[in-house]
Amino acid sequence: MNTNLVIFVNGQKIVKKNVRPETTLLQFLRKDLFLSGTKLSCGEGACGSCTVMVSSYNSSSKQIRHYSVNACLMPLVAVHGLAVTTVEGIGSTKTKLHPVQERLAKAYGSQCGFCSPGFVMSMYTLLRNYPEPSMAQIETAFQGNLCRCTGYRAILAGFRTFSKEWTCEEGENCCQNQTLSDTGYNACSKTFDASEFAVYDPTQDPIFPSELQLDATYQTKSICFKSSNVEWYRPNSLDEVCQLKQQYPNAIFTVGATSVGKSIRNSQSKKVFICLTNVQGLDNMTITDACIEIGATVTLAFLLEYIEHQATESKGFKKAGLESILDMLHQVGGHQLRNVASVGSNIASGGSTSDICTMMIAIGARVDLYNVSNKSTERRTVSDLHKDDGTSALQPSDLITFVYIPFMENDEYLYWHKHAERTDLNYATVNSAMRVKLDPDSNTIKDLVLCYGGVGHGSIVATQVREKTVGREWADDLVAFVSGLLGEELNVTLPPVGGSTNYKRSLTVGIFFKLFSRLQSTLHNIQSKIVHDMSSVRQKTLSSASQIFETLPIDQDGIDHVGQPVVHKSALQQASGEAVYCDDIPTYNNELHIALVIGNRAHAKILSIDASKAERMPGVKGFLSYKDIPNQVHGNITTEFIFAKDKVLYHGHTIGAIVADTLEQAMAARQYVHVDYEDLPAVIELETAISEKLYLPNPKVLQAGDMELGFKESDLIFEGEISMGSQEHFYMEPLSSIALPIGEAGEIDITVTSQSLIDIQAMVSQMLDVPKNRVKCHVKRLGGGFGGKAQCTEQFPLISALAATRFNRPARLTLDRETDMRTTGKRNRAHAKYTVGCTKRGKILAHEVELYIDGGFLDTLTAPFMPFSLLIAVCDQGYAFNNVKVTGYTCETNTNPGVPMRGSIYIQPLILTQALINDVASRLGLPIEQVHKVNMLQIGDLAPLGRELPDVHTMHKCWQRCLESSRYMEKRKMVEEYNRKSKWSKRGLYIIPTTRDSLPPLYGLCQGGALVNIYTDGSVWVNHGGVEMGQGLHTKLIQIASKVLKVPQDVIHITETTTNCVPNAPMTAGSMGSDVFGMAVKNACEKLMKRLGPYKAENQNGQWKDWVLAAYNDCTSLSATGFYFHPKENHWDLEKPREGNFSKYYLYGAAAVEVEVDCLTGAHRVIQVDGVMDFGRSLNPTIDIGQMEGAFIMGYGCFVSEQVVYDNKGKLLTKDATTYKIPGVRDIPTKFNMQILASHSDEAVLYGSKAVGEPPLHMSIAAMFAIKDAIAAARKDAGIEGPFQLNCPANAEQIHTLCSTKINI
Ligand SMILES: Cc1cc2nc3c(=O)[nH]c(=O)nc-3n(C[C@H](O)[C@H](O)[C@H](O)COP(=O)(O)OP(=O)(O)OC[C@H]3O[C@@H](n4cnc5c(N)ncnc54)[C@H](O)[C@@H]3O)c2cc1C
Ligand code: FES
Ligand code: FES
């Protein structure tokens, strides 16, 4: 008998019949309740965008518990009898914002805003539990939340104001106390004024529904929900569990459903689940003299709290052991996960990287296995529960009821180490727990248990180590002995995500040494020669930051806010969940949903496609494939890219689409589309493409100067190479489109997540054979773009448009994260080979480069940009390279297309240049800053090809400022000092100048249009061709319009970007948005002001509204278009490389980065970043600081930490948020200092401002080379001098391997 679901959402009682267990809480909130503030981004608990607060009442303890959960994982049925609070429930711009929402927005912590509701709800939940949280609590509250835009600093800054401990992070060094002596400008650094924030009053928070408190049956009554495929039971007693198991022997147990959730949601056959959360007794925790007894359903969060409490009450070995367990628990997932996932479930699931299993096995934890058939209980070890191949040894009748965690006895030590690619929300690459029992007098080993995760199918105990170390003394020689045994007995057999087999093997030894060293350093009665591990890489101190921006003294009236800090115009709506993104648009009544069928071969002929079974599935309207496309399209993509015609060219090529009444039906049916392939040879690695010469014919060449002469005059000539990996855009909002057939004259309306409406409009028009004037494309905002929504994503709206016209119904296609990542383009991989000639002083006299850039299977987006990549490589980096030749090869592989990503293919030549400059310094033994300096353009110098870089003095100013503010020279000495003392970890330092031209290279892109309407009430509506994706474009353009029209900003509104208001707008990319669209808005506003002029003159004492009305009554148009284009003479062409300046102005900057690397594992920490950028006269310095920080962290991901991994068959292994790891909140620099230098530029376009979005990303290249500097120090210790190749990203495996640190004592 199905239960009626009762939940309270934002205080409102909801009763729902016939709830399907497959439905998640998120689906229900978004689709049934239209609470679209809670976002769907990854759908697997790995990003926190869907965070909501759940509150429950415990009638025994009489306590209300508030906890955050990931609504995307939570089955709706699991919240029966609970209260759910969403971002909409805590405040709104229409009523009153909650201080959490207000502070996030006003501290500039919301850029695209897609992550904002999730951050808000994590913070809100923290405050509900701790109204005055500590700074440390705030720092760790977002372990489960990701943001791709902000670089996290601003989010933390806003939320830290809730802490009593909050003061200016810089103390004495507060940037407001600094004077910038070399400028006459104001130095200001207040990004917000906390005294203006509404006070947080916990008594105003919504109260827990009394009904749930009074009616105990919500929790004590057993419940059941059924659909045709899934039955979900929540019994209340063990007896009931037994009865259910008798009835359904294969029923699956579940608690938090963080692991089995997928099979509940996507069940294609009959399945029964038994949810154990309410089974009495299974949530008990008790303590005995020897152990803690934990009920199997106790959540990890409760366990953590309990152990924390026990640890404070304990002493000595017991306390230390508990602290190690806490250390481990703090690193399992994020809060949202730990709040629902249970201890018993984790142990039952096992797996190669279960932190809990590794720890439990090491400490000898035991479990009670209750047999639900014969009701007997057996006590077993945790390792008994898993077979050698990693599969579960549990029988369907086995229920874990209790877990027994033993205390450490006297002279028993427990240590934990987890090495992962990201600090939080990350499965381990390798984890390890070590338990040692020593004889206190002799220090001989009584028992040494070393357990590792990540090296095999489950957590593995080094049994030989255990057997052969008994009786050995705990002394230095143990390291070599154990290392040898580990090498013999641990057989790494896992796929290469996270690192190769060799690396993981080596990690087991490195980690053992760390654990050994930790214990060694605590033992007093021991003679040891080992140098202890000083690494602070994993010590997470609170991050701090400073933001300095200078404002030029300009005559501004009160209404003119250009150049002033202005909060992002929709930040408040984003923080309150009111901001509308594409998939937030409520479903139309008769809407159809689309699920894609994608290829699973890297290169293969399609022999046949059979969709007949899928088409017979309930709700399915049809299957679309290549033959259904009515007309060919030509553009960034071709028809064969919408749907593969007869071949798939990469793993992820779209083959077809199932169209159905509901998304669930479409997703279910797509699994039944059968495709037969004949495999063809596939090229996956760029190296293979290079060696097999798989590149476009006639590689592009750009040369300046006389190469022969340059090499002839050189004192030193050498060769080098560098490779650069790909990067995933990882916008938080997945691609989405909704096509609406208007049903008249071929009109179609498409809402789409795109930076380039013009392309979609053109291709839909071609495909449907209707003029462009029938195709309306629009976008309100994007939840991040970074170039990933610019090109090569047109196929998705085209598929929606095809479905909509074919079935004459609205059609929606929102990609799930995996489909998004597998189908879409990524940053181009690259490889460069170079020969360099230089003087003894480090001046580069000649260099010749072969630059290979991977276009993936589609070169049409890479080849046109190649000439500009060459231009950057040769001329435009602020260096005086007089003799240089670069040959650019566009390579082809059977991988995802290479597409522009923030920084575009400027990035590859920049990395290449830094690699060769670094080699020069290394070969000549010169300080890197000196090599930069001798090669930098001096004032009056011409760049290669006789090009003049305007305002080059600004580059030197940024450089000097960076040297000073980072205290670079002082720091260099400190780094050397640290490296002298520290054997196992090394620090590195690097500084770079950055230069960037201003315009997107393709001429057609350098134009922009706008339409400005004034209505008779005086309100102003601005529309322009640019797309808002978090960069603050709309905000800046409102500032411009307000300045020109001389009206307050709140009179002006921007609703969306649409092709029917501003036609033919180029894509918003290449950082040119505010230049071209800002100028267009300015132009339109100036026209309007001119028209209003006579009415102002006539009525000088009047107000804006009076003049507007007077103009209207006088039949004067109050609507004007504006347009801007960059003059054609700026256009640059590879055929005439000495002509055309291509860039109107240049942006300069500099960055110094200090890092520490842990040689034993390859882990690292960014200690400090000092970035200085010149944005001319910044339009909005606080938004621009946010762009700097966000770009730095994205670049840091690109150059250091993010990895796109394919297997040897071309299958993308890093295909979701769990396997692809963008930096998290605790990966940001410990000290994150950013400065905007005010500068004048006669060339700058809009009120003296310069472009912002991409150029700051270049700063983070310094992080990679700082790591290289640290590695060089380690190599020096190892006796290896001279240059070496560090590829990009500088991941942990490379760091560890290149350090070549030998553990020989
Ligand atoms: C984003 C993310 C990050 C993660 N990070 C980490 C990490 O860093 N470290 C780590 O160790 N883990 C990590 N995990 C795994 C996570 O810890 C597990 O998913 C979780 O512990 C499972 O608990 P659950 O209650 O949700 O289990 P469920 O999904 O409800 O069940 C899991 C399995 O356990 C079985 N089961 C449950 N209870 C019992 C019982 N009493 N007796 C027998 N069988 C039972 C179920 O039948 C099922 O097969 C992560 C998971 C996610 C989604
Ligand atoms: S955690 Fe739920 S959408 Fe990412
Ligand atoms: S603001 Fe965080 S993802 Fe865009």
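Residues numbered from 1 in each chain as written. Chains lettered and ligands numbered in written order. Predicted model: local features only at pLDDT ≥ 70, side-chain atom pairs only at ≥ 80, totals over all residues. Heavy atoms only, no water.

An unreviewed UniProt entry lists the chain under the name Xanthine dehydrogenase, with Owenia fusiformis as the source organism. According to UniProt, the comment filed for the chain under the heading Sequence similarities (unreviewed entry) is "Belongs to the xanthine dehydrogenase family." (UniProt positions renumbered as here; feature names shortened; annotations may be inferred.)

Caption draft 1: Quick look at the environment of Pro 1289. With respect to the element layout, Pro 1289 can be found in the loop between helix 37 (1261-1277) and helix 38 (1292-1299). Put simply, Pro 1289 and Cys 1085 are 204 residues apart on the chain and 46 Å apart in space, counted from C-alpha to C-alpha. Those residues in contact with Pro 1289, other than ones at most four positions away along the chain, are Gly 725, Cys 1198, Phe 1199, Val 1200, Ser 1201, Glu 1202, Gln 1203 and Gln 1294. (Helix = DSSP H or I, 4+ residues; strand = E, 2+ residues; numbered from the N terminus. Contact = heavy atoms within 4.5 Å.)

Caption draft 2: Inspection of the sheet that holds strand 39 (residues 1052-1053) at higher detail. Across the sheet, 4 strands lie side by side as 39-38-37-41; this open sheet has mixed pairing. On the outer flanks of this sheet lie strand 39 and strand 41 (1119-1125), each paired with one strand and no other. Pairing between strand 38 (residues 1020-1024) and strand 39: 2 bridges, direction parallel. Bridging across to strand 39, Val 1020 finds its partner in Ile 1052. (Pairing = 2+ DSSP bridges.)

Caption draft 3: Layout of the nonpolar core. Membership of the largest hydrophobic core comes to 257 residues, with the highest contact counts inside it found for Phe 159, Trp 1104, Phe 1199 and Met 1264. Here this core gets 11 residues from one element, more than from any other, and that element is helix 34 (residues 1073-1098). The contact partners of Phe 1199, leaving out residues within four places of it in the chain, are Met 724, Ile 907, Ile 911, Leu 1257, Ser 1260, Ile 1261, Met 1264, Cys 1288, Pro 1289 and Ala 1290. (Core = buried A, V, L, I, M, F, W, Y, C linked by side-chain atoms within 4.5 Å. Buried < 20%, exposed > 50% of the residue type's maximum accessible area, 1.4 Å probe, protein only.)

Caption draft 4: Spatial organisation of the UniProt feature "binding site: FAD" (unreviewed entry) in the chain. The UniProt entry lists Ser 342, Val 343, Gly 344, Ser 345, Asn 346, Asp 355 and Lys 418 under the feature "binding site: FAD" (unreviewed entry), expressed in the numbering used here. Within the secondary structure layout, Gly 344 lies in helix 14 (residues 343-349). Note on Gly 344: relative accessible area 5%, which makes it buried. What Gly 344 contacts, discounting residues up to four positions off in sequence, is Ala 296 and Ile 400. Following the sequence through the fold, Lys 418 ends up in strand 16 (residues 412-419). Note on Lys 418: relative accessible area 6%, which makes it buried. Sequence-distant contacts of Lys 418, that is, excluding residues within four places in its chain, are made with Gln 331, Asp 355, Asn 426, Tyr 427, Ala 428, Val 430, Asn 431 and Arg 538. A polar contact is formed between the side chain of Lys 418 and the backbone oxygen of Gln 331, at a distance of 2.7 Å. (Polar contact = N/O pair within 3.5 Å; in protein donor to acceptor, adjacent residues only side chain to side chain.)

Caption draft 5: The arrangement of the pattern of salt bridges in detail. Throughout the structure, instances matching the rule amount to 59 salt bridges. The shortest N-O distance in the salt bridge between Lys 621 and Asp 661 comes to 3.3 Å. In this pair, Lys 621 sits in strand 23 (residues 620-625) while Asp 661 sits in the loop between strand 25 (654-660) and helix 22 (663-670), placing the two residues 40 residues apart along the sequence. Of the residues examined, Lys 621 reaches a relative accessible area of 37% and is grouped as partly exposed. Within the structure, one salt-bridge network assembled from shared partners comprises Arg 30, Lys 31, Lys 39, Asp 583, Asp 584, Glu 591 and Arg 812. (Salt bridge = Lys/Arg side-chain N within 4 Å of Asp/Glu carboxyl O.)

Caption draft 6: Looking closely at the sheet that holds strand 9 (residues 252-254). Pairing within the open sheet is mixed, and its 4 strands lie in the order 7-8-10-9. Two strands bound the open sheet, and with one partner strand each, they are strand 7 (223-226) and strand 9. Neighbour-to-neighbour, the strand axes of this sheet turn through a mean angle of 20°, independent of strand direction. Note: strand 8 (residues 230-234) against strand 10 (residues 271-275), 4 bridges, orientation parallel. What sits directly across from Val 230, in strand 10, is Lys 271. Where helix 9 (residues 238-247) meets the sheet, its contacts fall on strand 8, strand 9 and strand 10, and the angle it forms with strand 10 comes to roughly 170°. (Axes fitted to C-alpha atoms, helices over the stretch in contact; angles between N-to-C directions.)

Caption draft 7: Representation of the site of ligand 1. Surrounding ligand 1, one finds 34 residues, the nearest of these being Phe 253, Thr 254, Val 255, Thr 258 and Ser 259. In the model, an oxygen atom of ligand 1 is placed 3.0 Å from a nitrogen or oxygen of the Ser 342 main chain. Within the backbone of Asp 355, one N or O atom sits 2.8 Å away from an oxygen atom of ligand 1. For the shell around ligand 1, the elements supplying multiple residues, two or more each, are strand 9, helix 14, helix 15 (355-363) and strand 15 (398-406). With 4 residues, the single largest contributor to the shell around ligand 1 is helix 14. Within the shell around ligand 1, the residues separate by chemical class into 16 nonpolar, 14 polar and 4 charged. (Near = heavy atom within 4 Å. Nonpolar A, V, L, I, M, F, W, Y, C, P; charged D, E, K, R; others polar.)

Caption draft 8: Here's a closer look at the pairing of strand 2 (residues 12-16). Sheet topology note: the strand 1 (residues 5-9)/strand 2 ladder contains 5 bridges and is antiparallel. The residue bridging Val 9 from the neighbouring strand is Gln 12, located in strand 2. Hairpin remark: strand 1 followed by strand 2, antiparallel, with 2 residues in the connecting loop; positive phi at Asn 10, about 50°.

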